[in-house]
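# An overview of the molecular structure
Single-letter residue listing:
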Amino acid sequence: MTVLIKKVQLNGEIVELPEDVESVWDLLKFYELENRIVVVEVNKDITVKENYKHTPVVAGDVIEIIHFVGGG
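Below is a short write-up of the structure.

What follows is about the pairing of strand S5 (residues 62-67). Across two bridges, the pairing between strand S1 (residues 5-10) and S5 is parallel. Residue pairing across strands places Gln-9 opposite Val-62, the latter belonging to S5. Looking at chain direction, strand S3 (residues 38-42) and S5 are connected through five bridges and run antiparallel. Looking at S5, one finds that Glu-41 is bridged to Glu-64.

Pasting the structure below:
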């Protein structure tokens, strides 16, 4: 079985994602960030959390994910 991939720019680097990463929510799950506080920008537009499941991730997208780390 062939696994299809798509290429996106993520935080400044070209990465290959499986085709089943169809939304911002899927992307966060893929990188195990779905339970973290993050800010996601897709093609220079900030995506609000309520729209993560409805915002598509397609080949060629430019995505920035900023996640917060606690500590002192």
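Continuing now.
Further remarks concern the environment of Val-62. With respect to the element layout, Val-62 can be found in strand S5. The partly exposed category is assigned to Val-62, whose relative accessible area is 35%. For the pair formed by Val-62 and Asn-43, sequence separation is 19 residues and the distance between their alpha carbons is 5.0 Å. Val-62 has contacts with Gln-9, Glu-41, Val-42 and Asn-43, leaving out every residue within four places of it along the chain.

Conventions adopted
Residues numbered from 1 in each chain as written. Predicted model: local features only at pLDDT ≥ 70, side-chain atom pairs only at ≥ 80, totals over all residues. Heavy atoms only, no water. Pairing = 2+ DSSP bridges. Helix = DSSP H or I, 4+ residues; strand = E, 2+ residues; numbered from the N terminus. Buried < 20%, exposed > 50% of the residue type's maximum accessible area, 1.4 Å probe, protein only. Contact = heavy atoms within 4.5 Å.

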